[in-house]
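Now for the letters of each chain:
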Amino acid sequence: MHSENVDSFDAWRTAARRLLVANVSPSDVQWTDDAVQPTLFDSDATPNVKAAPFSVPKTFLELAQEVACHRDSKRWSLLYRTLWRLKNGEPDLLKITTDDDVYILHRMQKAVSRDVHKMKAFVRFRKVSQIGEAENYVAWHRPDHRIVHLTAPFFARRFKGMNWSILTPDESVTWDQDSLRYGPGVSASEAPDDDALEELWKTYYASIFNPARVKVAMMKREMPVRHWPTLPEASLIPDLLHQASARVATMIDKYEGFAETATNYMPETIDLESLRHAAQRCRACDLCHHATQTVFGDGPANARIVLVGEQPGDREDIEGHPFVGPAGQLLNDALSQAGIDRSQIYITNIVKHFKFTEQETTQTDVRGKRRIHQKPNSREIYACRPWLEAELSVIKPDSLVCLGSTPAQALFGRDFRISKDRGTFIATDWCERTMATWHPAAILRMPDEHRQAQMRDQLVADLSSL
């Protein structure tokens, strides 16, 4: 058994090249790094064979450089086993994504890439001293993996005109406006706490914080809580979140013209029957003056699936129930194909009144005016939204499905694009498994028959995944 102790990609590459030339099988090598105790058993001397030049795919080298930064001590043996297979009859191994070794390597690479992204986003420099004309800045960061060598060139390009150091528990790096110098890790206690620039940065962060677009679960996913101790703006977040509802109400009242929302009509007892009864007298927006009636949600309070549409249509407005017209029939067919019993799910809309314009009909056998659907605007959605939030707080579904872009953008944010993110589960404040799919009415309006059939199949597939 041969033993190799390496702590960097360059050290691994040198050892791997020597072992490969000596034809040492992966099963005969024990790889360790500085974080792992060496074996207690005797080991053979590593063959001192002069490494002859040989080539490996560029994609493997790029992959290996990133995987080498992963914290898992098994990375070295995994890389050598993959290199061995590439040079011994499996030159196209990396194209086989289902291979166990390749699969694990790509998962490691993805974890490292994600960590690099976080470090670029969350490093905050603090001014510590001024020597002559130069100012010195220090940042302390706790990455998941040993990625300082991967990220340091980025910071050198971004902040090339200042002297800085980045400290992590495993490694550190210093930039003197000319070259990068790497050193050992540093504990958090040796990092500076604050500087005068922090107050300026906090003021700026508070000014750009948009309370109307707060998604706490998404914010914690994109800015993990473990990084908050080194982010000066993190100390502001609890107060900003606490003030968000009041600030949104002020924004709506001041800038969008609504003095009240559905919250002004909430019953004292929050259950579906009380909510349905209270919604009948809601006057939070003008839609109630033109629609026939409020169309509240339908379904059992213990439903595990909730579907949310945009607003009731012409038939729904007349009958008082959601999804009973042509779009409702298409939805029923899709639910049946997906194996879902409609009587066991809850179906509602984000806006409870029908919004429409009237148009003289041109058909010779029909007289009068037709009511043409109009999309609700952001003010009407905001005014009605408390009803949906109250419904969801009562039901607490396992799966929440937005039918169409209007409810999807209301729950995920205005940047959500159903053509891009349809069918993907995303955690929201109301349900861990929230997704969006096509609205049945959008499928019916699609003029291209092929595309219409494709969208119908996608709707069924999305519902089948619940």
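Residues numbered from 1 in each chain as written. Predicted model: local features only at pLDDT ≥ 70, side-chain atom pairs only at ≥ 80, totals over all residues. Heavy atoms only, no water.

## Some remarks on the overall build of the chain
Along the backbone of the chain there are 16 helices and 13 strands. Every one of the 466 residues in the chain was classed for burial, and the buried ones make up 44%. Looking at the chain as shown, the accessible area adds up to about 25000 Å², and 49% of this sits on carbon and sulfur atoms. (Helix = DSSP H or I, 4+ residues; strand = E, 2+ residues; numbered from the N terminus. Buried < 20%, exposed > 50% of the residue type's maximum accessible area, 1.4 Å probe, protein only. Areas by Shrake-Rupley, 256 points an atom, 1.4 Å probe, with all protein chains shown as cover.)

## Some words on the sheet that holds strand β8 (residues 305-309)
Ordered in space as β9-β8-β12-β13, the four strands form an open sheet in which the pairing is parallel. Each edge of the sheet is formed by a strand with only one pairing partner; in this case those strands are β9 (346-349) and β13 (433-437). If you compare each strand with its neighbour and ignore which way they point, the axes differ by 20 degrees on average. The sheet contacts of helix α13 (residues 405-412) involve β8, β12 (399-403) and β13, and relative to β12 the element is tilted by about 130 degrees. (Pairing = 2+ DSSP bridges. Axes fitted to C-alpha atoms, helices over the stretch in contact; angles between N-to-C directions. Contact = heavy atoms within 4.5 Å.)

## Digging into the packing of helix α2 (residues 58-67) against helix α4 (residues 100-122)
Look at α2 against α4: their axes get within 8 Å of each other, and the N-to-C directions meet at 60 degrees. As judged from the angle between their axes, α2 and α4 are oblique. Of the two elements, α2 crosses α4, and the hand of that crossing is left-handed. Of α4, the residues touching α2 (which contributes Leu-63, Glu-66 and Val-67) are Leu-105, His-106, Met-108, Gln-109, Val-112 and Ser-113. Looking at side-chain class alone, the contact of α2 with α4 contains five nonpolar, three polar and one charged residues. (Parallel < 35°, antiparallel > 145°, perpendicular 65-115°, else oblique. Left-handed = near helix turned anticlockwise from the far one by under 90°. Nonpolar A, V, L, I, M, F, W, Y, C, P; charged D, E, K, R; others polar.)

## Overview of the side chain of Lys-352
Within the secondary structure, Lys-352 sits in the loop between β9 and β10 (356-360). There is a polar contact of 2.6 Å between the side chain of Lys-352 and the backbone oxygen of Asn-349. Apart from residues no more than four positions distant in its own chain, Lys-352 is found in contact with Gln-293, Thr-294, Val-295, Phe-296, Pro-312, Cys-384, Trp-387, Leu-388 and Glu-391. (Polar contact = N/O pair within 3.5 Å; in protein donor to acceptor, adjacent residues only side chain to side chain.)

## Remarks on the pattern of salt bridges
Summed over the entire model, instances satisfying the criterion amount to 18 salt bridges. The salt bridge involving Arg-18 is made with Glu-4; its shortest N-O contact spans 3.1 Å. Within this pair, whereas Arg-18 is found in helix α1 (residues 9-21), its partner Glu-4 is found in strand β1 (residues 2-5), the two being separated by 14 residues in sequence. Residue class for Glu-4 comes out buried when judged on its relative accessible area of 7%. With its nearest N and O atoms 3.0 Å apart, the salt bridge here joins Glu-319 to Arg-315. Of this pair, Glu-319 and Arg-315 are both found in helix α10 (residues 314-319), four residues apart, which corresponds to roughly one turn of the helix. (Salt bridge = Lys/Arg side-chain N within 4 Å of Asp/Glu carboxyl O.)

## Let's talk about the confidence of the model for the chain
For the chain, per-residue confidence averages 85 on the pLDDT scale, and 85% of positions sit at 70 or higher. Residue range residues 36-43 is modelled with pLDDT below 50. Its contacts to residues more than four positions away, or to other chains, number five contacts. (pLDDT = per-residue confidence, 0-100.)

## Section: the packing of aromatic side chains
All chains considered together, the criterion is met by 12 aromatic pairs. Relative to Trp-164, the ring of Phe-125 has its centre 5.7 Å away and its plane inclined at 45 degrees; by these criteria the two rings are tilted. Within this pair, whereas Phe-125 is found in the loop between α4 and β3 (126-131), its partner Trp-164 is found in strand β5 (residues 163-167), the two being separated by 39 residues in sequence. Just as Phe-125 is buried, Trp-164 falls in that class too. Ring centres of Phe-296 and Trp-387 lie 6.4 Å apart, and the angle between their planes is 80 degrees; this geometry places the pair in the edge-to-face category. Of the two residues, Phe-296 is situated in the loop between α9 (272-279) and β8 and Trp-387 in helix α12 (residues 378-395); the sequence distance between them amounts to 91 residues. Both residues of the pair, Phe-296 and Trp-387, belong to the buried class. Site record: aromatic cluster; members linked through ring pairs are Phe-125, Phe-154, Phe-155, Phe-159 and Trp-164. In this structure, Arg-433 packs its charged tip against the face of Phe-425, placed 4.1 Å from the ring centre. (Phe/Tyr/Trp six-rings, centres within 6.5 Å; stacked < 30°, edge-to-face > 60°. Lys NZ or Arg CZ within 6 Å of the ring centre and 35° of its normal.)

## Considerations on α9
Buried within α9 we find Leu-272, Leu-275, Ala-278 and Ala-279. Taken end-on, α9 shows its buried residues confined to a sector of 130 degrees, consistent with a single buried face. Every exposed residue of α9 that faces more than 90 degrees away from the buried side is listed here: Glu-273 and His-277. Against β9 and α12 lie the buried residues of α9. (Arc of directions from axis to C-beta.)

## Observations regarding the nonpolar core
Residues Leu-307, Leu-331, Trp-387, Leu-400 and Leu-463 are the most contacted members of the largest nonpolar core, which totals 57 residues. Here this core gets eight residues from one element, more than from any other, and that element is α12. Non-local contacts of Leu-400, meaning those with residues more than four positions away in its chain, are made with Val-306, Val-308, Leu-392, Leu-411, Trp-430, Cys-431, Arg-433, Thr-434 and Met-435. By size, the runner-up hydrophobic cluster in this structure holds 27 residues, among which are Phe-60, Ala-64, Val-67 and Trp-84. (Core = buried A, V, L, I, M, F, W, Y, C linked by side-chain atoms within 4.5 Å.)

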